[in-house]
Amino acid sequence: MTYDPANIFARIVRGELPCHKVYEDEATLAFMDIMPQADCHTLIVPKDAGTGIVDTPVAALQAAIATTQKVAAAVKKATGAPGVMVVQLNGAEAGQTVFHLHFHVIPRWEGLQLKFHARGMEDPEVLKANAARVRAALG
Ligand code: 5GP
């Protein structure tokens, strides 16, 4: 698959579409998933991305995983979750739905089932409040 620069996350990175931002630096952006599988489900994208792990430059991957580590710590702190899941899907067959490499950070609690992947839009006010919680935890 070739990278489509009109994909949703590329448009968010360019500021053409809005997002509930939690973190940004020169190489990466982190924002709320609009169809979260748990409270404070956050996505991390490198700005210089390919569709997935195989075609994304190594430097961009390194920057993205460093941001993912920061965000994972902040999501744990913001939610008090004892566990955090980091997920990265490659290809439609693997469940990928947006073809700009990204990491998911999803807090986990024992016995609390995840909601379905990429289904069920969250209330924008909830996303706004959760982004503020994660930003505060990032310090
Ligand atoms: P993937 O299936 O590619 O691993 O994950 C894509 C994620 O992007 C899904 O969890 C989905 O809920 C989320 N998503 C889809 N469209 C948008 C959007 O326009 N904005 C944001 N913030 N998240 C989106």
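What counts and what doesn't
- Residues numbered from 1 in each chain as written.
- Predicted model: local features only at pLDDT ≥ 70, side-chain atom pairs only at ≥ 80, totals over all residues.
- Heavy atoms only, no water.
- Helix = DSSP H or I, 4+ residues; strand = E, 2+ residues; numbered from the N terminus.
- Expected span 1.5 Å × (residues − 1).
- Buried < 20%, exposed > 50% of the residue type's maximum accessible area, 1.4 Å probe, protein only.
- Contact = heavy atoms within 4.5 Å.
- Axes fitted to C-alpha atoms, helices over the stretch in contact; angles between N-to-C directions.
- Parallel < 35°, antiparallel > 145°, perpendicular 65-115°, else oblique.
- Left-handed = near helix turned anticlockwise from the far one by under 90°.
- Nonpolar A, V, L, I, M, F, W, Y, C, P; charged D, E, K, R; others polar.

**Thoughts on helix α2 (residues 58-79)**
With 22 residues, α2 ought to run about 32 Å at 1.5 Å a step, and its terminal C-alpha atoms sit 31 Å apart, in line with that. Along α2, the residues that are buried comprise A60, L61, A64, T67, T68, V71, A72, A74, V75, A78 and T79. Those residues of α2 that are buried lie in contact with β1 (21-24), β2 (28-32), β3 (42-46), β4 (83-87), β5 (103-108) and α3 (124-138). In the segment just after α2, G80 is the residue with positive phi, at about 75 degrees.

**Comments concerning the packing of α2 against α3**
The geometry of a pair of packed helices is captured by two quantities: the angle between their axes and the separation between those axes. Remark: α2 packs on α3, axes separated minimally by 8 Å, with the N-to-C direction vectors making an angle of 110 degrees. In this view, α2 runs roughly perpendicular relative to α3, as classed from their interaxial angle. You can see that α2 and α3 cross each other, and the crossing is right-handed. Residues K70, A74, V75, K77, A78 and T79 of α2 touch α3, and the partners they reach there are R133, V134, A137 and L138. Per-class residue counts for the contact of α2 with α3 are six nonpolar, one polar and three charged.

Everything listed is a geometric property; what it means functionally is a separate question.
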